[in-house]
Amino acid sequence: MSAKDAPPPLPEPLGVPVADSHTHLDMQPGTVEEALARAAAVGVDTVVQVGCDLKGSRWAAETAAAHTAVHAAVALHPNEAPRIVHGDEDGWSRQGAREAGGDAALDDALAEIDLLAALPQVRAVGETGLDYFRTGPEGMAAQERSFRAHIEIAKRHGKALVIHDREAHADVLRILAEEGAPERTVFHCYSGDAEMARACADAGYFMSFAGNVTFKNAQPLRDALAVAPLELVLVETDAPFLTPAPYRGRPNAPYLIPITVRAMAQVRGVDEETMASAIAVNTARAFDY
């Protein structure tokens, strides 16, 4: 294993335990037990395991049922909806090449997400939203229909809504306003600027910051974190992606949360305990556990 692929070392433990509000344990090497033990050793005592498709959402619900430290979120990722409707000839998604299923297939998939969302260990519906980076104009209608359906499911079951918003800020905010956002809405891997952070704050949306807040070129993210109300701020890994500096490019995992928490405290000009305490309270409130 090259140094580039090697897992980063365990950081100094946090004094106040926090939750990783968004992770993908099913995409990380090793067992769930190993991942949770490493996380717990550094003060990350809870994780929200997020589904991106039917298989991942079923797995999230099963894993949360088996582990008290895990809560589940279930959804069809914004890039998954167009694949279901239009097919996926290249097979770049985890399921490989797929036939087009049309609107009926999307309805069937959403019906299963609805059933999973009713389970008590499922604390959120997500990640859903819009992604204009990976999906072109031909997939926008499917994305939007799926997003609106997920909003409705979250509200009907009284669950949090977890948003994936990539290069689609204005449309995501517009659709939330049109549909009426659930009581608890989380912008996962917050990617807007300070102006958007003010708009999210006005609406009462939570903003979850990932390891990319530590990247050199991420000043707009740090500016957003600086103006976001402390009571609406969460932290996440989005592991195995977005590993914080100085380990950018190496595999991410929930145990690396302390690095991001410390960077966030620095941006806010508060001590680590203040930051961690706020995050712990906010995450429990956001996901109602």
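The following refers to the structure shown. The shown structure was predicted, so the numbers you read here are calculated from the model rather than taken from an experiment.

### Let's talk about the side chain of Thr-63
Phase 1 of the analysis: Here Thr-63 is to be found in helix α2 (residues 54-66).
Phase 2 of the analysis: Separated by 2.8 Å, the side chain of Thr-63 and the backbone oxygen of Trp-59 make a polar contact.
Phase 3 of the analysis: Leaving out residues up to four positions away in the same chain, Thr-63 has contacts with Val-32 and Val-70.

### What to know about the sheet that holds strand β2 (residues 44-50)
Phase 1 of the analysis: Strand order in the open sheet made by the eight strands is β1-β2-β3-β4-β5-β6-β7-β8, with parallel pairing throughout. A single partner strand is all that each edge strand has here, and the edge strands are β1 (18-23) and β8 (233-235). If you compare each strand with its neighbour and ignore which way they point, the axes differ by 30° on average.
Phase 2 of the analysis: Packing against the sheet, α2 makes contact with β2, β3 (70-74) and β4 (122-131), and its axis sits at approximately 160° to β3.

### Comments concerning the packing of aromatic side chains
To describe a pair of aromatic rings, one takes the distance between the centres and the angle between the planes.
Phase 1 of the analysis: Tallied over the entire structure, the rule returns two aromatic pairs.
Phase 2 of the analysis: Summarising the aromatic geometry, the rings of Phe-187 and Tyr-205 are spaced 5.7 Å apart at their centres and angled 35° between planes, so their arrangement reads as tilted. Of the two residues, Phe-187 sits in strand β6 (residues 185-187) while Tyr-205 sits in the loop between α7 (194-203) and β7 (206-209), which places them 18 residues apart along the sequence. The two residues Phe-187 and Tyr-205 agree in class, both being buried.
Phase 3 of the analysis: With 5.4 Å between their ring centres and 50° between their planes, Tyr-190 and Phe-209 make a pair best called tilted. Linking Tyr-190 in the loop between β6 and α7 with Phe-209 in strand β7, this pair joins segments that are 19 residues apart in sequence.
Phase 4 of the analysis: Tyr-190 gets classed as buried once you look at its relative accessible area, which sits at 1%.
Phase 5 of the analysis: We note Arg-166 situated over the ring of Phe-133; from NZ or CZ to the ring centre the distance is 3.6 Å.

Thresholds applied
- Residues numbered from 1 in each chain as written.
- Predicted model: local features only at pLDDT ≥ 70, side-chain atom pairs only at ≥ 80, totals over all residues.
- Heavy atoms only, no water.
- Helix = DSSP H or I, 4+ residues; strand = E, 2+ residues; numbered from the N terminus.
- Polar contact = N/O pair within 3.5 Å; in protein donor to acceptor, adjacent residues only side chain to side chain.
- Contact = heavy atoms within 4.5 Å.
- Pairing = 2+ DSSP bridges.
- Axes fitted to C-alpha atoms, helices over the stretch in contact; angles between N-to-C directions.
- Phe/Tyr/Trp six-rings, centres within 6.5 Å; stacked < 30°, edge-to-face > 60°.
- Buried < 20%, exposed > 50% of the residue type's maximum accessible area, 1.4 Å probe, protein only.
- Lys NZ or Arg CZ within 6 Å of the ring centre and 35° of its normal.

Don't take any of this as a statement about function, it's just geometry.
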